[in-house]
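Examination of the molecular architecture
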Amino acid sequence: MNNILWISGGRVIDPANQRDAIGDVYAIDGQLVSELTEAQKQAATKVDATGLVVAPGLVDIHVHFRYPGQTQKEDIRSGTEAAAAGGFTSVVCMPNTSPVCDNAGTIQRIMDKVQREAVIRVYPTGCLTLGMQGEALAPTGQLKEAGVVAMTDDGRCVQSNEIMRRSVEYAKMFGLTIMDHCQDSSLTKGAMMNEGEWSLRLGLPGWPKAAEDIIVARNVILADITGAHIHMQHVSSGRSVEILRRAKERGISVTGEASPHHIEFTEAELVDYDTAFKMNPPLRTEADREALIQGLCDGTLDCIATDHAPHTPTEKDTEFDAAPFGVIGLENSLASTLGTLYHSKRLCLSEVIALMTHKGAEICQLDAGTLSEGAAADICLFDPDEVWTVDPEKFYSKSRNCPWNGRSLKGKVKATYVAGKQVFDGVSITA
Amino acid sequence: MEADDKKQPYLNGRTIVNLFLEPSTRTRLAFEVAASRLSADTITVTGDASSLTKGETLRDTAQNMAALKADMIIMRHSASGAPNYLSKVVDIPVINAGDGSHAHPTQALLDSFTLLEKFGRLDGKKITILGDILFSRVARSNMICLQKLGAEVTIAGPSTLVPTGFQAMGVKVCHNLREALQDADAVMLLRIQHERQASTHFPSLGEYTSMFGLNKKRAEWLKPDAIIMHPGPINRGVEIDSEVADSDRSVILQQVTNGIVVRMAVLHLCHCFHKNIPIELPA
């Protein structure tokens, strides 16, 4: 007997296929099909999606699941449950684990764990350089064979222009995207928050936007001369958006992501030294926030990525200086992004869904983020208007470092399906 | 109330913890003297003598002090915002005795007290704060306090230590020493904070002294009745020459003395507010 799924009556939004209409979605044995026979309909598991949006499962190309080595913060099970509860069906994990992902063995170890414990699809990335030290190339080809979908030293931007140039050139041979956390670390020694009015008021060492802009500009130049594709992670500076805009106009192969927190919050949130707002790159000014949104609206920035970065409550419960950088966002990012981009009338629903599905998938060449016939039946059902209050204590993530804590958001995930199988029912993980 | 009045009974039987996690002489002693004048029992804990060196968190250290029935914590800490954090962790008053580059509120109060003693009112008075503003908690607290009292504040010094972004706090930013000094009713000097500073902000202490140090010749640019202040510690021969520091127009030691009475007031008022006690003032 085939496993047949019939989701009926919802507003089906599949941006990759320009579909936005009330309709039905069908899947047989985990694959989307365009129609069912009467007999198949009789046998199908029928889900009534009336009043809900039926979208491709969300895709996040920037998460930290902390396995191996830091599983007190998160692990494959808790991280994928958090993702499923947030409507995500595919995520790309960063390689700054312990040990770091600079060898095929560590990738294999992650894949084994994913096979056993993940409730959604997890794609690993490999380090650009050995030990993420920025000094020598990691075995890119072997990492590719082991299954990585991109190369990055996320969190430790390669400072040497020579090493960056060679690693970009080398990764291109394997068709791998380079993802770069753009930060000139000579400009950010000891830095804690955006350099500006608030860092001066709060007496916290400032983190100039130039630290990001300089590396974005470098990467544009390297992408231009090598022809490789470089993706800028969590762009936070308005000037970086402008640099990318001009690079794209000239046809250079660069892309950029924005995180839900950078498009919603500004540095002013740090007024009481709340470590839940301490992240890298830091929250910037209102002008930067607006520039990021503008970049998402005009296509300069390609996708939303959460940079889900779990740290334990104990680690974050400390003086501001001592707390680690990073915030979590998987379980509320659909709602918060809808608030920032859709409910605020900056983008239509289909455009927001595109930013959270196929656009990110294309950057890492993932076969995900669409409701195309024959694609995997990875589906997210959500109510764009349901209001709920963020309570990190109820999160599936092991960590609680969520800047949306206590905020009221509009947009609730009602079910998540991976390969036609329900993994989240709107309340609980069902996988 | 003069600082040499007899001991006051207001905090009799109260225990005050001086949690000084960063070196301090003046502020710590002044708080100890102030607490003692108010009849409180004072315990001073310094960074290297605390369990923080054994890996205990600030939360645990402070909660243990509260469990030992401390009535108030006075804290000096190297991290900006540490008192904001601590005040959420314990339910007794936390008094900020200086946090990182952020704030030093009792210093600003005693500086204002000293200026008020001299000028009566501060409306329209021009106060210049000269030196390492970027890393200075004293400068930040004074910018807020002095402007609240109606003074016009100019901050001055090298451009890398006196960024123009401070204009957002309502002050005038000046990188020309003569301009900063000539109209001032008071100039407040600050030490160059070697311990906080990245070494990249200016060439050398020698260069600083030659460009911004207050020597006798430059002190003549000041108005005749302008006063010279410094929160200490002084680095003689760096930001200020001895003959200026020790001159008649210097009120540096008066500032220290005023620190006692101002801190007595802070301790007394915090205690009263916390315990909801009507505020008694001496006859």
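Within each chain, residues carry numbers counting from 1 in the order of the written sequence. Each chain takes a letter, starting from A, and each ligand takes a number, starting from 1, following the order in which they are written. Whole-chain, interface and lining totals are the exception, using all residues; otherwise, since this is a predicted model, local features are given only for residues with pLDDT of at least 70 and side-chain atom pairs are given and counted only at 80 or more. Excluded from the side-chain calculation are hydrogens and water; included are all heavy atoms of the structure.

1. Section: the overall build of chain A
Basically, it comes down to this: Strands are runs of DSSP state E lasting at least two residues, helices are runs of H or I lasting at least four, and both sets are numbered from the N terminus onward. C-alpha atoms define the radius of gyration, and 2.2 Å times the number of residues to the power 0.38 defines the globule rule. Accessibility here uses a 1.4 Å probe with only protein chains present; expressed as a share of the type maximum, an area under 20% marks a residue as buried, one over 50% as exposed, and anything in between as partly exposed. Whether two residues are in contact is decided by their heavy atoms, any of which lying within 4.5 Å being enough. We get accessible surface area from the Shrake-Rupley algorithm with a probe of 1.4 Å; when it comes to residues, only the shown protein chains can shield them. In this tally, Asp and Glu contribute negative charge and Lys and Arg positive charge; neither His nor the terminal groups of the chain are included. To locate a charge, the coordinates of NZ of Lys, CZ of Arg, CG of Asp or CD of Glu are taken.
Within chain A, the regular secondary structure consists of 14 helices and 18 strands. Against the 2.2 N^0.38 benchmark of 22 Å for 431 residues, chain A shows a C-alpha radius of gyration of 21 Å, consistent with a compact globule. Going through the 431 residues of chain A one by one, you find that 61% of them count as buried. Considering only residue pairs separated by 6 or more positions, chain A has 75% of its internal contacts joining residues 24 or more positions apart. In the structure as shown, chain A presents an accessible area of about 15,300 Å², 47% of it carried by carbon and sulfur atoms. Distance between charge centres in chain A, computed from 40 positive and 57 negative side chains, equals 1 Å.

2. Looking at helix H7 (residues 210-226) of chain A
All names here are of chain A. We count it as follows: To estimate how far a helix should extend, the number of its residues minus one is multiplied by 1.5 Å.
Over its 17 residues, H7 extends 24 Å from the first C-alpha to the last, a length consistent with the 24 Å expected when each residue adds 1.5 Å. Residues Ala-211, Glu-212, Asp-213, Ile-215, Val-216, Arg-218, Asn-219, Val-220, Leu-222, Ala-223 and Thr-226 constitute the buried set of H7. Those residues of H7 that are buried are in contact with helix H5 (161-173), strand E10 (177-180), strand E13 (230-232), helix H8 (238-249) and strand E14 (254-258). Backbone geometry just downstream of H7 places Gly-227 in the positive-phi region, at approximately 75°.

3. Quick word on the state of the cysteines
All names here are of chain A. Counted only if it meets this: Cysteine sulfur atoms are paired as a disulfide whenever they fall within 2.5 Å.
Here the structure, examined in full by the defined rule, presents zero disulfides over all chains. Sulfur of Cys-101: no disulfide; nearest cysteine sulfur belongs to Cys-127 and is 5.9 Å away. By relative accessible area, Cys-101 is classed as buried at 1%.

4. Side note on the sheet that holds strand E5 (residues 126-130) of chain B
Sheets are built from strands that pair by backbone hydrogen bonding, the pairs being arranged parallel or antiparallel. Residues and elements named next belong to chain B. Definition in use: Pairing between two strands is assigned when DSSP locates at least 2 bridges connecting them. Angles here are taken between N-to-C directions and fall from 0 to 180 degrees, while the axes themselves are lines fitted to C-alpha atoms, restricted in helices to the stretch in contact.
Overall, parallel pairing links the five strands, which are arranged E7-E6-E5-E8-E9 in an open sheet. Edge strands, defined here as strands with exactly one partner in the open sheet, are strand E7 (172-174) and strand E9 (227-229). Shown here is a sheet whose adjacent strand axes are inclined to one another by a mean of 20°, direction ignored. In terms of strand pairing, E5 meets strand E6 (residues 152-156) through five bridges, oriented parallel. Within E6, the position partnered with Ile-127 by the bridge is Val-153.

5. Some thoughts on the sheet that holds strand E1 (residues 15-20) of chain B
Residues and elements named next belong to chain B. One open sheet accounts for four strands, arranged E2-E1-E3-E4; its pairing is parallel. Two strands in the sheet have a free side with no partner beyond their single neighbour: strand E2 (41-46) and strand E4 (94-99). Pairs of neighbouring strands in the sheet enclose a mean axial angle of 15°, with direction left out of account. Two strands pair when backbone bridges link them, and E1 and strand E3 (residues 72-77) are joined in this way by five bridges, in the parallel orientation. Paired with Leu-19 across the bridge in E3 is Met-75. Each of E1, E3 and E4 is contacted by helix H10 (residues 252-275), which is oriented at about 130° to E3, the strand it contacts most.

6. With respect to the nonpolar core
Short version of the rule: The definition of a nonpolar core used throughout is a set of buried Ala, Val, Leu, Ile, Met, Phe, Trp, Tyr and Cys residues joined through side-chain atoms within 4.5 Å.
Membership of the largest hydrophobic core comes to 76 residues, with the highest contact counts inside it found for A:Phe65, A:Val220, A:Met232, A:Leu341 and A:Phe382. Ignoring anything within four residues of it in the chain, the contact list for A:Val220 reads A:Met232, A:Ile243, A:Leu244, A:Ala247, A:Ile252 and A:Val254. Membership of the second largest hydrophobic core comes to 50 residues, among which are B:Ile127, B:Phe202, B:Leu214 and B:Ile228.

7. Focus: the confidence of the model for chain B
Selection rule: Each residue carries a pLDDT value, the predictor's own confidence for that position, ranging from 0 to 100.
Averaged over chain B, the pLDDT score is 93; the fraction of residues at 70 or greater is 96%. With a pTM of 0.95, the predicted complex shows an ipTM of 0.93.

8. As for the interface of chain A and chain B
For clarity, the threshold we go by: The term buried area refers to how much accessible surface (probe radius 1.4 Å) is lost by two components on association, counted for both of them together. A pairing counts as a salt bridge when a side-chain nitrogen of Lys or Arg comes within 4 Å of a carboxyl oxygen of Asp or Glu. Residue type decides the class: Asp, Glu, Lys and Arg count as charged, Ala, Val, Leu, Ile, Met, Phe, Trp, Tyr, Cys and Pro as nonpolar, and the leftover types, Gly among them, as polar.
Taken together, the contact pairs 14 residues of chain A with 20 residues of chain B. When chain A packs against chain B, close to 1,400 Å² is buried across both sides, 54% of that on carbon and sulfur atoms. When the buried area of chain A at its contact with chain B is split by residue, A:Leu200, A:Arg201 and A:Glu319 rank highest and sum to 44% of it. Here chain A is connected to chain B by two salt bridges. The closest approach of N and O atoms between A:Asp317 and B:Arg59, which form a salt bridge, is 2.5 Å. Partitioned by chemical class, the residues of the side of chain A that touches chain B number five nonpolar, three polar and six charged.

9. Some thoughts on unusual backbone geometry
Where the residue is not glycine, phi is negative for most of them; where a peptide bond is considered, it is trans in most cases. In this model, A:Asn280 is joined to A:Pro281 through a cis peptide bond whose omega is -5°. Within the secondary structure, A:Pro281 is located in the loop between helix H9 (260-264) and helix H10 (286-298). Backbone torsion omega between B:Gly232 and B:Pro233 reads -5°, so that peptide bond is classified as cis. Not every positive phi belongs to a glycine, and A:Asp29 is a case in point at roughly 50°. Checked against the element boundaries, A:Asp29 lands in the loop between strand E2 (19-28) and strand E3 (31-33). Located in the positive-phi region is A:Tyr273, a residue other than glycine, with phi close to 60°. Within the secondary structure layout, A:Tyr273 lies in the loop between H9 and H10. Take A:Tyr273: its relative accessible area is 6%, and that puts it in the buried class.

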